[in-house]
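Residue-level listing of the chains:
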Amino acid sequence: MTGSGSVAVICGGVGAARLLRGLARHVEPDQLIAIANVGDDMELHGLHISPDLDTIVYTVAEAVSAERGWGLEGESWQAMTMLGRYGGEDWFSLGDRDLGTHLYRTQRLREGASLADVTGAIARSWGIEFGLLPVTDDRLRTMVTTVDHGEITFQEYFVGHQHSVPVTSVRFDGADAARPAPGVLTALADAERIIVAPSNPVVSIDPVLAVPGVRDALRSRRDDVVAVSPIIGGKALKGPADRLLVELGREASATGVAEWYTDEVGTLVIDTVDAARAEAIASVGVRPVVAPTIMSEPGVLDQLCELLLSV
Ligand code: FO1
């Protein structure tokens, strides 16, 4: 990138969080803003839980459980054990420390704070200096229609059924009425570069784009939008993105991702194992860039960040 242009990142959960941990090392904090999915949010035990926001905070703060990719390292599960004793809802594992985050967020929301305000307070308390915004402060819930269980919530699909049940369609409840959180559209308009993180296109990125104004903001700036393919060698590194693409009639490949994002993304970074797909991707009108993208490999995250800021 040329000037001290700002960078806006469209984020889901784990993959986006890992990329942000790298970008935070390459972009001045006041020039970096993450716009995160809240379609995974849910009310449970009377608490408002925001998995993708919390995964980003915990990961960037280096506090996330390395084993799980979500929740906190060194967790205990006493509250869950107590719930189990009473026959309460213990299918969604909330660690004792993690519960503190949900208690605080729920209380602040009840007092009338916006999700964006609470998210800012939580992020700052973990030493995160760049901007972290929910795509909307309004209610947005990803709903998944399955072959065997009808329409269920995202977490019932992802956790309840370990995302192992075939899906026929996905919708984002509340999207039409949802307003972009304050600052979201400005960030997308002002950014010199918009990055779409390697999150699940179907259930993590699309709910962000479904909030009115967001998809159009990317389409109008398509040449400045670069995505990282979350599908490598036909597989998702984590989660159901590959299966969902196939179940929705698309190809589980970097080419399928390029086709998914054709209208919003001008450039798609694909892993070296998918180099042979570059021509097919170019033929759908997306500029392919081949580079190592497995961020857990030494040096790859920093190289990828430098590439995303310069490509
Ligand atoms: N994922 C699971 O597979 N099982 C869980 O019990 C679980 C609990 C959980 C609690 C808090 C949180 O922030 C995330 C949690 N996740 C769990 C992950 C979560 O379902 C996913 O991170 C996203 O919703 C999808 O990216």
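Above this note sits the structure.
This structure is a prediction, so every number in the text was calculated from the model and none was measured. (Residues numbered from 1 in each chain as written. Predicted model: local features only at pLDDT ≥ 70, side-chain atom pairs only at ≥ 80, totals over all residues. Heavy atoms only, no water.)

1. Observations regarding the overall build of the chain
- Tallying secondary structure elements over the chain gives 13 helices and 14 strands in all.
- Within the chain, the proportion of its 311 residues that are buried is 54%.
- Taking contacts inside the chain between residues at least 6 apart in sequence as the whole, the part at least 24 apart equals 67%.
- Accessible surface for the chain amounts to roughly 12800 Å². Of this, 51% is attributable to carbon and sulfur atoms.
- The distance from the centre of the 25 positive side-chain charges to the centre of the 43 negative ones in the chain is 1 Å. (Helix = DSSP H or I, 4+ residues; strand = E, 2+ residues; numbered from the N terminus. Buried < 20%, exposed > 50% of the residue type's maximum accessible area, 1.4 Å probe, protein only. Contact = heavy atoms within 4.5 Å. Areas by Shrake-Rupley, 256 points an atom, 1.4 Å probe, with all protein chains shown as cover. Lys, Arg positive; Asp, Glu negative; His and termini not counted. Charge placed at Lys NZ, Arg CZ, Asp CG, Glu CD.)

2. Observations concerning the sheet that holds strand β2 (residues 32–36)
- The strand order β5-β2-β1-β9-β10-β13-β14 describes an open sheet built from seven strands, whose pairing is parallel. Because the sheet does not close on itself, it has two edges, and the strands there are β5 (131–134) and β14 (287–290). Each strand of the sheet is rotated relative to its neighbour by a mean of 20 degrees, with strand direction disregarded.
- Sheet analysis places strand β10 (residues 225–228) next to strand β13 (residues 267–270), joined by three bridges and oriented parallel. Note on β13: the bridge partner recorded for V228 is V269.
- Relative to strand β1 (residues 7–11), helix α1 (residues 14–23) is tilted by about 160 degrees, and along the sheet it contacts β1, β2 and β9 (193–196).
- Sheet strands touched by helix α8 (residues 201–209): β1, β2 and β9. Its angle to β1, the strand with the most contacts, is close to 125 degrees. (Pairing = 2+ DSSP bridges. Axes fitted to C-alpha atoms, helices over the stretch in contact; angles between N-to-C directions.)

3. Let's talk about the pairing of β9
- Both faces of β9 are covered, namely the face carrying R193 and I195 and the face carrying I194 and V196.
- Two strands pair when backbone bridges link them, and β1 and β9 are joined in this way by four bridges, in the parallel orientation. Each bridged residue has a counterpart across the sheet, and for V7 the counterpart in β9 is R193.
- Inspection of the sheet shows β9 paired to β10 by three bridges, in the parallel sense. Following the sheet pairing, V196 is matched in β10 by A227.

4. Quick word on the environment of L53
- With respect to the helices, strands and loops of the structure, L53 is situated in helix α2 (residues 51–60).
- Taking the C-alpha atoms as reference, L53 lies 9.4 Å from I35; in sequence the two are 18 residues apart.
- Aside from chain neighbours lying at most four places away, what touches L53 is A36, V38, L115, T119, L132, L133 and P134.

5. So, α8
- Buried residues dominate α8, accounting for nine of its nine residues.
- Those residues of α8 lying buried are P201, V202, V203, S204, I205, D206, P207, V208 and L209.
- In this structure N200 caps α8, since a side-chain oxygen of it lies 2.9 Å from the backbone nitrogen of V202. (Polar contact = N/O pair within 3.5 Å; in protein donor to acceptor, adjacent residues only side chain to side chain.)

6. Remarks on the site of the ligand
- In the neighbourhood of the ligand, the contacting residues comprise D40, P51, D52, W70, F92, S93, L94, D98, F154, Q155, F158 and V159.
- Here an oxygen atom of the ligand and a side-chain polar atom of D40 are 2.9 Å apart.
- Burial of the ligand by the protein amounts to 89% of the accessible area it has alone, namely 530 Å².
- Mapped onto the shell around the ligand, the elements with two or more residues apiece are α2 and α6 (154–160).
- At four residues, the largest contribution of residues to the shell around the ligand is made by α6.
- Residues belonging to the shell around the ligand are distributed by class as follows: seven nonpolar, two polar and three charged. (Near = heavy atom within 4 Å. Nonpolar A, V, L, I, M, F, W, Y, C, P; charged D, E, K, R; others polar.)

7. Describing the side chain of D98
- Its place among the elements puts D98 in helix α4 (residues 96–110).
- Buried within the structure, D98 lacks any salt-bridge partner; R105 is the closest side chain of opposite charge, at an N-O distance of 6.1 Å.
- Within the structure, the side chain of D98 is placed 2.7 Å from the side chain of Y58, a separation counted as a polar contact.
- Residues within four places of D98 in sequence aside, it is in contact with D54, Y58, L72 and E75. (Salt bridge = Lys/Arg side-chain N within 4 Å of Asp/Glu carboxyl O.)

8. As for the environment of D54
- With respect to the secondary-structure elements, D54 resides in helix α2.
- With relative accessibility at 5%, the residue D54 sits in the buried group.
- With residues near it in sequence (within four places) discarded, D54 still touches D98, T101, H102 and R105.

9. As for unusual backbone geometry
- For H45, which is not glycine, the phi dihedral falls at a positive 55 degrees.
- Take H45: it is sitting in the loop between β3 (42–44) and β4 (47–49).
- Positive phi, close to 45 degrees, is recorded for Q162, a residue that is not glycine.
- Position of Q162 among the secondary structure elements: in the loop between α6 and β8 (167–173).
- Q162 sits in the exposed class, given a relative accessible area of 55%.

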